[in-house]
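# Analysis of the macromolecular model
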Amino acid sequence: RCAGRVEVQHGGHWGTVCDDDWGLPDAAVVCRQLGCGAALAAPPGAWFGEGSGPIWLNGLRCRGTEERLALCRHRGWRPHVCAHEEDASAVCSGHARARCAQVPPTHGSQGPVLALTPASLPGGATVRLVGAAGRCAGRLEIFHAGHWGTVCDDLWGLPDAEVVCRQLGCG
């Protein structure tokens, strides 16, 4: 299933969304933006584990019909006084194979702007592909100890790439 902690990129830095006022209409917008079907749940309290970095959005008040999370009412794009134990999550009806991991870059933007961390890896490493047109191609990055980093290609081969592709729901 396409589900996980909601993360947004702002000013080139990834951060989370506070669950204050978070509900099903907010999760519906996330699921729609990611192409993941309908929202089934909007779990509060870092259901899929605590994120790291800034908490970019707080007090979201989506109607549920917005096309993008950035179009919902909120308290502004800035670090908020909210603990990561309050990171918002979304559970969508779609599956990871259905383009659920992250939104591709839009014209003029650098990298994805919204992502769900994989629910299959609570507390574990998260991977993403960056620098290419689609979400299933690009340079591999792994999230570890609160930071994104690259993976060395020494001894890297097709079996390794197949694991990443499966993990991202890319076949």
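Refer to the structure presented above.
Residues numbered from 1 in each chain as written. Predicted model: local features only at pLDDT ≥ 70, side-chain atom pairs only at ≥ 80, totals over all residues. Heavy atoms only, no water.

Turning our attention to helix 1 (residues 24–34). The buried fraction of helix 1 amounts to eight of the 11 residues, a majority that puts the element mostly inside the structure. For helix 1, the complete set of buried residues consists of D26, A27, A28, V29, V30, C31, Q33 and L34. In the segment just after helix 1, G35 is the residue with positive phi, at about 70°. (Buried < 20%, exposed > 50% of the residue type's maximum accessible area, 1.4 Å probe, protein only. Helix = DSSP H or I, 4+ residues; strand = E, 2+ residues; numbered from the N terminus.)

Mapped onto the secondary structure, C18 falls in the loop between strand 2 (13–17) and helix 1. By relative accessible area, which is 0% here, C18 ends up buried. Between the C-alpha atom of C18 and that of A88, which follows or precedes it by 70 residues, the distance is 5.5 Å. Other than its neighbours up to four places away in sequence, C18 contacts I55, L57, N58, C82, E86 and A88. (Contact = heavy atoms within 4.5 Å.)

Burial analysis of strand 1 (residues 3–10) places seven of its eight residues in the buried class, which makes it a mostly covered element. Taken together, the three bridges between strand 1 and strand 5 (residues 89–92) define a ladder with antiparallel strand orientation. Bridge pairing in strand 5 links R5 to S89. Note that strand 1 and strand 2 share four bridges and pair antiparallel. Following the sheet pairing, Q9 is matched in strand 2 by W14. Linking two consecutive strands that pair antiparallel, namely strand 1 and strand 2, is a turn of two residues; a positive phi of about 60° is found at G11 within it. (Pairing = 2+ DSSP bridges.)

What follows is about the environment of A90. Within the secondary structure, A90 is located in strand 5. Taking relative accessible area as the criterion, A90 reaches 0% and is therefore assigned buried. Counting along the chain gives 86 residues from A90 to G4, while the straight-line C-alpha distance between them is 5.8 Å. In contact with A90, not counting residues within four places along its chain, are C2, A3, G4, V6, A27, V30, A41, P43, F48 and L116.

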